[in-house]
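Okay, here's what each chain looks like letter by letter:
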Amino acid sequence: MIAQFEQERPRLRAIAHRMLGSFAEADDAVQDAWLRADRADTSEIDNPAAWLTTVVSRVCLNMLRDRREHAHEMPDPVIEKSEEPEQQAVTSDQVGLAMLIVLDSLKPDERLSFVLHDMFAVPFDDIAPLIEKTPATARQLASRARKRVQERPRPNADLATQREAVTAFLSAAREGDLERLVAVLHPDALLRAGALEVVGGRKVAGRASLFRQYAAKAEIEFAVIGGEIGFITRVGGRPFSVMAFTVRDGRIAAIHVIQDEQQLASIIP
């Protein structure tokens, strides 16, 4: 089984990453699954790949439920620092910020049903026992999640266009110019910062204008974050926040902010 596990590891890691949205948590989930596989009696297992998928999925489901119960923060996005982020290659294994925001807003059972079925073609008959529901219910959960995903903000593929919008946001925020902030934000823009969620361009602009309080002293470093443009801010040389943006039609549709010190220490290279 261990040899089979190593063969399946890339796929299992991909499942865990899409379930959890964090490479670090995905690696933890895969390692937990490896330990379970090492201890289990697998001599009568007919389909090792399906069995391993079940093990990893259960580990991820428990992690999602625990996260939802004890915290309301987004998983760590992938950060690739670059002076010219529009030149930065983005790997295909990343989940974009817009998708990450939607997936994190789903209930654990919805997320598992959608990810396993739509991204990895796992039948609903196999998903149902994992969430202790019927296959019909698993299908409904995946359908509900799919609708949310289809309605998510669609980012501009051109990183240069993304950077132009984020630069305009940064300039307006530094100057505390509320109307310019409103102009660069979509009317239905979403801001998430830990447990805080703000919806609506003018409301988000009101929050973003507070950026002026420390922006004059902050060092700004542009980066590719979860496949989209953002920046890292430092105050006095120490990381203060990470801000990632989804840009749609030249305007900002979503902003994800991380300010927790432990999270910053774990995700900034």
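In case you missed it, the structure is sitting above this.
The structure displayed is predicted, hence computed values, not measured ones.

K.L.:
For this particular structure, what's the right way to read the pattern of salt bridges?
P.N.:
Oppositely charged side chains are able to pair whenever their charged atoms sit close together. Taken as a whole, this structure holds 13 salt bridges when the rule is applied. For aspartate 177, the salt bridge goes to arginine 180, with nearest N and O atoms at 3.9 Å. Residue class for aspartate 177 comes out partly exposed when judged on its relative accessible area of 25%. As a salt-bridge pair, glutamate 221 and arginine 234 come within 2.6 Å of each other at their nearest N and O atoms. A residue pair is termed long-range when its members are at least 10 positions apart, and glutamate 221 in strand β4 (residues 218-225) and arginine 234 in strand β5 (residues 228-235) qualify at 13 residues. Across the pair, arginine 234 and glutamate 221 agree in class, each one buried.

K.L.:
What's the story with the nonpolar core in this structure? I'm lost.
P.N.:
One recurring pattern in soluble globular proteins: nonpolar side chains tend to sit buried together. If you look at the biggest cluster of nonpolar residues, it comprises 35 residues, and the most contacted ones within it are Phe5, Ala16, Met19, Cys60, Leu112, Leu116 and Ile127. When contributions to this core are tallied by element, the ones reaching two or more residues are α1 (2-20), α2 (23-39), α3 (48-70), α4 (97-105), α5 (108-120), α6 (124-131) and α7 (135-150). In this view, methionine 19 contacts Cys60, Leu61, Leu64, Arg111, Leu112 and Val115; residues no more than four positions away in its chain are not counted. With 27 residues, the next largest nonpolar core counts Leu170, Val182, Leu185 and Ile252 among its residues.

K.L.:
Quick question: what am I supposed to make of the pairing of β5 here?
P.N.:
Two faces, one strand: in a regular strand the side chains alternate between the faces of the sheet. Among the eight residues of β5, seven are classified as buried, and the element is accordingly described as predominantly covered. The pairing of β4 with β5 spans eight bridges and is classified as antiparallel. Bridged to alanine 223 within β5 is glycine 230. One ladder, built from six bridges, connects β5 with strand β6 (residues 238-248); its direction is antiparallel. Looking across to β6, one finds that glycine 230 is bridged to alanine 244. Connecting β5 to the antiparallel partner β6 that follows it, the hairpin turn spans two residues, and glycine 236 within it adopts a positive phi of roughly 65°.

K.L.:
How do you make sense of the packing of α5 against α7 when you look at a structure like this?
P.N.:
The relative placement of two packed helices comes down to the angle between their axes together with the axis-to-axis distance. The interhelical angle for the contact between α5 and α7, taken along N-to-C directions, is 85°, at an axis separation of 8 Å. In terms of orientation, α5 lies roughly perpendicular with respect to α7. Residues Asp109, Glu110, Ser113, Phe114, His117 and Asp118 of α5 form the contact with α7, whose participating residues are Ala138, Leu141, Ala142, Arg144, Ala145, Arg146 and Val149. Class assignment of the residues belonging to the contact of α5 with α7 gives a composition of six nonpolar, two polar and five charged.

K.L.:
Just checking my understanding: could you explain unusual backbone geometry for this structure?
P.N.:
Generally, phi is negative for residues other than glycine and the peptide bonds are trans, each holding for most cases. A positive phi angle is found at glutamate 132, which is not glycine, with a value near 55°. As for its placement among the helices and strands, glutamate 132 is situated in the loop between α6 and α7. Take glutamate 132: its relative accessible area is 73%, and that puts it in the exposed class. A positive phi angle is found at aspartate 249, which is not glycine, with a value near 55°. Tracing the chain through its elements places aspartate 249 in the loop between β6 and β7 (251-258).

Rules used in this analysis
- Residues numbered from 1 in each chain as written.
- Predicted model: local features only at pLDDT ≥ 70, side-chain atom pairs only at ≥ 80, totals over all residues.
- Heavy atoms only, no water.
- Salt bridge = Lys/Arg side-chain N within 4 Å of Asp/Glu carboxyl O.
- Buried < 20%, exposed > 50% of the residue type's maximum accessible area, 1.4 Å probe, protein only.
- Helix = DSSP H or I, 4+ residues; strand = E, 2+ residues; numbered from the N terminus.
- Core = buried A, V, L, I, M, F, W, Y, C linked by side-chain atoms within 4.5 Å.
- Contact = heavy atoms within 4.5 Å.
- Pairing = 2+ DSSP bridges.
- Axes fitted to C-alpha atoms, helices over the stretch in contact; angles between N-to-C directions.
- Parallel < 35°, antiparallel > 145°, perpendicular 65-115°, else oblique.
- Nonpolar A, V, L, I, M, F, W, Y, C, P; charged D, E, K, R; others polar.

Read these as geometric descriptors, not functional statements.
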